[in-house]
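Breakdown of the fold
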Amino acid sequence: MNKYDRLDEITKLVNKRGTVRTNEIVEDLNVSDMTVRRDLAELEEKGVLTKIHGGARSNSAFQYKEMSHQEKHTHYIEEKRYIAKKAVELIEDGDTIFLGPGTTVQKLAEEINHHTLTVITNCLPVFKILMKKQSLHFRVYLLGGEMRDLTEAFVGEMTNQLLNNLRFSKMFFSSNGVKDGVAMTSSMDEAYTQHLALNHSIEKYLLIDSSKIGKDDFSSFCELKELNAVLMDKNDLEKTEQVEKYVEVID
């Protein structure tokens, strides 16, 4: 078995099992321990997996540790900026839009330059960006409630009661993972608030970089088939095709 076939087999193994031990790969592929260690190091550099004690964990597996808003802000910056520039083209003067939490949505907030617009958000960083655009004279509202420190998003009963009385022409939101046609996040409270906002929106757009496709997370909150479109980068045609089975992709 040549190196490229071996790397492909290891990738399939770790993605199928979630985690795999080095000795299991040695036995399955009939190669040396040293060869497997080199292959795992190369696959880790490519972002396919993460080496752990005695083996490796798939980067497409469940995200047991939720990253903070600040940590996410440093990942896939160019991809997020590309998605934001596509998304802002869907916003029209006069819209009433809801912006969910997330660093990709934050990039969208940076791109907004409309004059007659009403924006509602439950994300503090998004609100701060829009408040600095005072010369545009549009209205921006921050929904209060209990703030999650990791995502700086407001959730809970107070937030949800406010949402119950609001309706939006368009919603733009993100998620921590998309798998089998379902969008997921790490918090049930945040998932419920997102789900509620989606139910009160006429048009619904998911903004997500291709690294999130195929990843699980704790709580699902919408099916892709319920959305108008998904906006994502062009970095991975195979992942784009996975999403296109359920909904239009704008890339």
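Every chain is numbered on its own, with residues counted from 1 as its sequence reads. pLDDT decides what is reported in this predicted model: residues at 70 or higher carry local features, side-chain atom pairs at 80 or more are listed and counted, and totals for whole chains, interfaces and linings draw on all residues regardless. Just so you know, side-chain values use all the structure's heavy atoms and leave hydrogens and water out.

With that out of the way, let us pick up the UniProt feature "domain: HTH deoR-type" (unreviewed entry) in the protein. The residues that UniProt annotates with the feature "domain: HTH deoR-type" (unreviewed entry) are residues 3–58. In the segment residues 3–58, helix accounts for 64% and strand for 20%; the C-alpha atoms at its two ends are 19 Å apart. UniProt positions are given in the numbering used here, feature names are shortened, and annotations may be inferred rather than shown by experiment. Segments assigned H or I by DSSP are reported as helices when at least four residues long, segments assigned E as strands when at least two residues long, and all are numbered from the N terminus.

Take the sheet that holds strand 3 (residues 55–58) next. For two strands to be treated as a pair, DSSP must find at least two bridges joining them. Taken in spatial order, the 3 strands make up an open sheet running 1-3-2, and their pairing is antiparallel. The outermost strands of the open sheet, each flanked by one partner alone, are strand 1 (19–21) and strand 2 (49–52). On average, each strand axis in the sheet is inclined to that of its neighbour by 25°, with strand direction left out of account. Relative to strand 3, strand 1 runs antiparallel, the two sharing 3 bridges. Looking across to strand 3, one finds that T19 is bridged to R57. Contacts from helix 3 (residues 33–45) reach strand 2 and strand 3, with the element oriented near 135° to strand 2. In this analysis an axis means a line fitted to C-alpha atoms, helices contributing only their contacting stretch, and an angle means the value between N-to-C directions, from 0 to 180 degrees. Any two residues having at least one pair of non-hydrogen atoms within 4.5 Å are treated as being in contact.

Between helix 1 (residues 3–17) and helix 2 (residues 22–29), the shortest axis-to-axis distance is 11 Å and the interhelical angle comes to 130°. Comparing their axes, helix 2 and helix 1 come out oblique. For the pair helix 1 and helix 2, the crossing hand works out as right-handed. Each of R6, E9, I10, L13 and R17 in helix 1 lies in contact with helix 2, whose residues at this interface are E24, I25, D28 and L29. Residue type decides the class: Asp, Glu, Lys and Arg count as charged, Ala, Val, Leu, Ile, Met, Phe, Trp, Tyr, Cys and Pro as nonpolar, and the leftover types, Gly among them, as polar. Considering only residue class, the contact of helix 1 with helix 2 consists of 4 nonpolar, no polar and 5 charged. In these notes the angle categories are as follows: under 35 degrees is roughly parallel, over 145 is roughly antiparallel, 65 to 115 is roughly perpendicular, and the rest is oblique. It is the rotation of the near helix from the far one that decides the hand of a crossing: anticlockwise by less than a right angle makes it left-handed, clockwise makes it right-handed.

This brings us to a negative patch on the surface. On the surface, a cluster of negative charge is contributed by E238, E241, E244, E248 and D251. When you line up the elements, E241 lands in helix 10 (residues 237–244). Put simply, a patch holds well-exposed residues, over 30% relative accessible area, that have no salt bridge, with like charges counted together within 9 Å and Val, Leu, Ile, Met, Phe, Trp or Tyr side chains within 5 Å. Areas reported as accessible are Shrake-Rupley estimates using a 1.4 Å probe. Residue values count occlusion only from the protein chains shown. Each reported salt bridge corresponds to a side-chain nitrogen of Lys or Arg within 4 Å of a carboxyl oxygen of Asp or Glu. Under this rule, positive means Lys or Arg and negative means Asp or Glu; His and the chain ends count for nothing. A single reference atom marks each charge: NZ on Lys, CZ on Arg, CG on Asp, CD on Glu.

Turning next to the packing of helix 6 (residues 103–111) against helix 7 (residues 124–131). Look at helix 6 against helix 7: their axes get within 9 Å of each other, and the N-to-C directions meet at 10°. Relative to helix 7, the element helix 6 is oriented roughly parallel. Mapping the contact onto sequence places V105, Q106, A109 and E110 in helix 6 and P125, V126, I129 and L130 in helix 7. For the contact of helix 6 with helix 7, the class distribution of residues is 6 nonpolar, 1 polar and 1 charged.

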